Amino acid sequence: MTVSGLTSQALHGCFVTGTDTGVGKTHVSAALLHWCAQQGWRSAGLKPVAAGTLLIDGRPVNEDVQALRQAGSVRLTDAEVGPLQFKAACAPQIAAALENRCIDQATILSAAHHLASRADVIVVEGVGGFCVPLGPDWDTADLALALGLPVVMVVGLRLGCISHALLTAEAIRVRQLPLAGWIASTVDPDMAHSEGNLASLRHELTRRHQAPCLGVVPWMPAPTPAAVANHLDAAALKRVLEPMLFVSPFSPEKT
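Rules used in this analysis
Residues numbered from 1 in each chain as written. Predicted model: local features only at pLDDT ≥ 70, side-chain atom pairs only at ≥ 80, totals over all residues. Heavy atoms only, no water. Helix = DSSP H or I, 4+ residues; strand = E, 2+ residues; numbered from the N terminus. Rg over C-alpha atoms; globule rule 2.2 N^0.38 Å. Contact = heavy atoms within 4.5 Å. Areas by Shrake-Rupley, 256 points an atom, 1.4 Å probe, with all protein chains shown as cover. Lys, Arg positive; Asp, Glu negative; His and termini not counted. Charge placed at Lys NZ, Arg CZ, Asp CG, Glu CD. Buried < 20%, exposed > 50% of the residue type's maximum accessible area, 1.4 Å probe, protein only. Core = buried A, V, L, I, M, F, W, Y, C linked by side-chain atoms within 4.5 Å. 1 Å grid on protein atoms, 1.4 Å probe; cavity = no way out; pocket = protein on both sides within 12 Å on 5 of 7 lines; lining within 4 Å. Points joined across faces, edges and corners; volume = space filled by probe spheres on them. Nonpolar A, V, L, I, M, F, W, Y, C, P; charged D, E, K, R; others polar. Pairing = 2+ DSSP bridges. Axes fitted to C-alpha atoms, helices over the stretch in contact; angles between N-to-C directions. Salt bridge = Lys/Arg side-chain N within 4 Å of Asp/Glu carboxyl O. pLDDT = per-residue confidence, 0-100. Expected span 1.5 Å × (residues − 1).

Trainee: Any chance you could break down the overall build of the protein chain for me, citing the residues and the numbers?
Mentor: When helices and strands are counted, the protein chain shows 10 helices and 12 strands. Here the C-alpha atoms of the protein chain give a radius of gyration of 17 Å, agreeing with the 18 Å that 2.2 N^0.38 yields for 255 residues. Judged by the C-alpha coordinates and their principal axes, the protein chain covers about 45 × 40 × 40 Å. At a minimum sequence separation of 6, the contacts of the protein chain that also span at least 24 residues come to 76%. Surface exposure of the protein chain reaches about 11600 Å², of which carbon and sulfur atoms provide 53%. On the protein chain, the mean spot of the 18 positive side-chain charges and the mean spot of the 21 negative ones are 4 Å from each other.

Trainee: Break down the environment of Gly-45 for me, with residues and values.
Mentor: Counting through the fold element by element, Gly-45 comes out in strand β2 (residues 43-46). The exposure class assigned to Gly-45 is buried, which follows from its relative accessible area of 1%. Expressed as a C-alpha distance, the spacing of Gly-45 and Met-153, which sit 108 residues apart in the sequence, is 16 Å. Beyond its immediate chain neighbours, meaning those up to four positions away, Gly-45 contacts Leu-33, Leu-68, Leu-76, Val-81, Leu-115 and Val-123.

Trainee: Account for the nonpolar core, with residues named and values stated.
Mentor: If you look at the biggest cluster of nonpolar residues, it comprises 82 residues, and the most contacted ones within it are Leu-32, Ile-103, Ile-122, Leu-147 and Trp-182. For this core, the element with the highest residue contribution is helix α1 (residues 25-38), accounting for 7 residues. Leave out the neighbours within four places in its chain, and Ile-122 touches Leu-11, His-12, Gly-13, Cys-14, Ala-44, Ala-112, Leu-115, Ala-116 and Leu-149.

Trainee: Explain the layout of surface pockets to me, and be specific about the residues and the numbers.
Mentor: In this structure, the second largest pocket spans a volume of roughly 540 Å³. Along the wall of the second largest pocket there are 32 residues; nearest its centre are Gly-22, Val-23, Gly-24, Lys-25 and Thr-26. Counting only elements with at least two residues in the lining of the second largest pocket, the list comes to α1, β3 (49-51), α2 (63-71) and β11 (179-186). No other element matches the 4 residues that α1 contributes to the lining of the second largest pocket. Class assignment for the residues of the lining of the second largest pocket results in 18 nonpolar, 9 polar and 5 charged.

Trainee: Would you mind going over the sheet that holds strand β1 (residues 13-18) in detail, with residue names and values included?
Mentor: Sheet strands pair by backbone hydrogen bonding; their relative direction is either parallel or antiparallel. Taking strand neighbours across the sheet as the criterion, the 6 strands line up as β2-β7-β1-β10-β11-β12 in an open arrangement whose pairing is parallel. Here the strands that pair on one side only, and so sit at the sheet edges, are β2 and β12 (213-217). When strand polarity is set aside, the average angle formed by the axes of neighbouring strands in this sheet is 20°. As paired elements, β1 and strand β7 (residues 121-125) share 4 bridges and run parallel to each other. Bridge pairing in β7 places Val-16 opposite Glu-125. Strand contacts of α1: β1, β2, β7, β10 (151-157) and β11, with the helix running at about 175° to β7, the strand carrying the most contacts.

Trainee: Requested: an account of the pattern of salt bridges, with residues and values cited.
Mentor: Scanning all chains against the criterion turns up 11 salt bridges. A salt bridge links Asp-78 to Arg-59; its shortest N-O distance comes to 3.5 Å. With Asp-78 in helix α3 (residues 78-81) and Arg-59 in strand β5 (residues 59-61), this pair connects stretches of sequence that are 19 residues apart. Note on Asp-78: relative accessible area 12%, which makes it buried. Between Arg-101 and Glu-99 there is a salt bridge, with its nearest N and O atoms 2.9 Å apart. Judged by its relative accessible area of 34%, Arg-101 is partly exposed.

Trainee: Explain the confidence of the model for the protein chain residue by residue, including any values.
Mentor: Overall, the prediction assigns the protein chain a mean pLDDT of 91, with 92% of residues at 70 or greater. Predicted confidence for residues 1-8 stays below pLDDT 50, and this span has 11 contacts to residues more than four positions away or in other chains.

Trainee: Let's hear about helix α7 (residues 161-174): which residues, and what values?
Mentor: An ideal rise of 1.5 Å per residue puts 20 Å on 14 residues; α7 measures up with 20 Å between its terminal C-alpha atoms. For α7, the full list of buried residues reads Cys-161, Ala-165, Leu-166, Thr-168, Ala-169, Ala-171 and Ile-172. Elements that come into contact with the buried residues of α7 comprise β1, β10, β11 and α8 (194-209). Where α7 terminates, the next one or two residues include Gln-176, which has phi positive at roughly 60°.

Trainee: Give me the lowdown on the environment of Ala-44, citing residues and values where you can.
Mentor: Within the fold, Ala-44 resides in strand β2. C-alpha of Ala-44 to C-alpha of Gly-126: the two residues are 82 residues apart in sequence and 14 Å apart in space. The residues contacting Ala-44, other than those within four sequence positions of it, are Leu-33, Val-74, Leu-76, Leu-115, Ala-119, Val-121, Ile-122 and Val-123.

The structure is reproduced here in structure tokens:
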């Protein structure tokens, strides 16, 4: 899908995807926003599609949207951070259908460019895994390609994570998107052989994709952006992300 008529302003930042739903994408995205703000960069988070809201003081609130809004250093509204929010906590195209609405790519790209006009860096958090349908003819991988941002992959450390990570990395690279790196997120504190799994992930993702590990986040009962950011590899983030944030952005080849 292509969308015309949008501003040509460059997008600088990253697209955060995960090996599955519930692997800590929001915590990592918020930590990246916090880390960018610490570098003195104006940072803004974007949750293009958010499924699942709660009524708080009479208004619908999505927890992921709020987390990104609070972690960024640019003052934004919930609507600016989450342009498409749905009530039901389920697959996004199902949540949209329940409200007789559609997930419009132009709306998302317009929101991304709006944030780019106010921030040095935008951190875009995907929904679920990398290839989640958003409509009858497009998915989150298409969205990542349309945004043209380098991808940071969050790997949920649990049984099966090695295959999930390698398959996700292949899906990213086959679309000729740059895989900036990956962050391990401990979602199962009792995972057996976690160190062995980490070693295998480091080896395989380096060997196959030259993708560096940007951090290993332990399990936390109440993770805050600052606490998660403490477990990111600051040197690796600077080495990998800084050139992508302020040099000419990636532009996918047109076929």
